[in-house]
Amino acid sequence: MLQQMIILIIVMMTGLLASKLDIIKGEAVKKLTSLVVNITNPCFILSSVIGDEVVDKSELLLMTGISISMFGVLIIIAVFLPDILHVPKKSYGVYRAMLVFNNLGFMGAPIISGIYGSKALLLLVTFILPFNVLIYTYGVVVIKDDEHNNGFRWNNILNPGVIAAVMAMFIYLIQLKIPYILSDSIQLIGNITAPMSMMIIGASFADINFKKIISDYKLMIFTVIKLVIIPVISILVLKMFVNNPMILGVCAVTMSVPVGSMVPMLATIYGGDYELGSIGVAVTTLVSVITMPVIFVIFGL
């Protein structure tokens, strides 16, 4: 787990170096962000259900219930958290998105695969599918700034991310076999998502004032709530009802990973507080290098 997280940090720092060398900067960052959001990430969603692994239906049903409950509780907490932290009005949406959306695919998937194997990735699908439906609907609505935010619109649903999530659910439920040429192409394109997204986030660090981060106590409090308080309470509650160590481990990872890199990417496209989203990803990623292993050791996962 620690090794995987350090690797992702190195990839982010590579993006920072590319920005300093004027390789990824300005308009190039926006174009690459659009590429990830509209092409590579949808392919990554589809690739998560392309394979021969199967899981027990009862395990799948349990994980589905847990994932729906998790997102529901987080969305409720996110309604009140910005007011509790007294953050600026323009940052409300990004704080809500940062609380709800974790780095499931780009960080959670490699960690879960390394610890529990490919079968556990199918359990992760029950989190990834609602994640992608929500990030492209609820996420888009809350991330838009006051000037651009006109509330929910149905055309927010008609985007590549949600379409890919629905297709992935359909493929998995009917166990549709995808031809090798097509499936391999989708997986190859999807594999670009993790390194590309982390490099884009790293490139954004070039414009961030890290002195402001240290003095931003509200972001520090948010980080403790997200990476310590919520995961610990979640695991304690789950251990009362779940005995399967793999299910507990997958749930623990999903609740302990840092802010998802899709948050600042969508903020770039929809006029949200992009700088805050990038800082949130950076801070929570660095802090999670310590908090995740500690939480897993404490709970024996």
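Above this text you will find the structure in question.
Residues numbered from 1 in each chain as written. Predicted model: local features only at pLDDT ≥ 70, side-chain atom pairs only at ≥ 80, totals over all residues. Heavy atoms only, no water.

Quick rundown of the overall build of the chain? Include the residues and the values.
Along its length, the chain carries 15 helices and zero strands. Looking at the 301 residues of the chain, the share that counts as buried comes to 53%. (Helix = DSSP H or I, 4+ residues; strand = E, 2+ residues; numbered from the N terminus. Buried < 20%, exposed > 50% of the residue type's maximum accessible area, 1.4 Å probe, protein only.)

Mind laying out the layout of surface pockets, listing which residues take part and the relevant values?
The volume enclosed by the second largest pocket comes to roughly 430 Å³. Within the lining of the second largest pocket, the residues separate by chemical class into 16 nonpolar, four polar and no charged. (1 Å grid on protein atoms, 1.4 Å probe; cavity = no way out; pocket = protein on both sides within 12 Å on 5 of 7 lines; lining within 4 Å. Points joined across faces, edges and corners; volume = space filled by probe spheres on them. Nonpolar A, V, L, I, M, F, W, Y, C, P; charged D, E, K, R; others polar.)

Let's hear about unusual backbone geometry: which residues, and what values?
Positive phi values are uncommon outside glycine, yet Asp 22 reaches one of about 60°. The residue Asp 22 is located in the loop between α1 (2-20) and α2 (27-47) in this model. The phi angle at His 86 is positive, at roughly 55°, despite the residue not being glycine. With respect to the helices, strands and loops of the structure, His 86 is situated in the loop between α3 (57-85) and α4 (92-100).

How would you sum up the packing of aromatic side chains? Please name residues and give values.
This structure, assessed with the given rule, holds three aromatic pairs. Centre to centre, the rings of Tyr 95 and Phe 222 are 5.4 Å apart; their planes meet at 80°, and the pair counts as edge-to-face. One end of the pair, Tyr 95, is in helix α4; the other, Phe 222, is in helix α12 (residues 217-238), with 127 residues separating them in the sequence. For the pair Tyr 95 and Phe 222, one class covers both residues: buried. Between Phe 101 and Tyr 138, the aromatic rings sit 6.1 Å apart at their centres with planes inclined by 55°, giving tilted as the arrangement. Of this pair, Phe 101 sits in the loop between α4 and α5 (104-116) while Tyr 138 sits in helix α7 (residues 138-143), placing them 37 residues apart in sequence. Residues Phe 101 and Tyr 138 agree in their burial class; the two are buried. (Phe/Tyr/Trp six-rings, centres within 6.5 Å; stacked < 30°, edge-to-face > 60°.)

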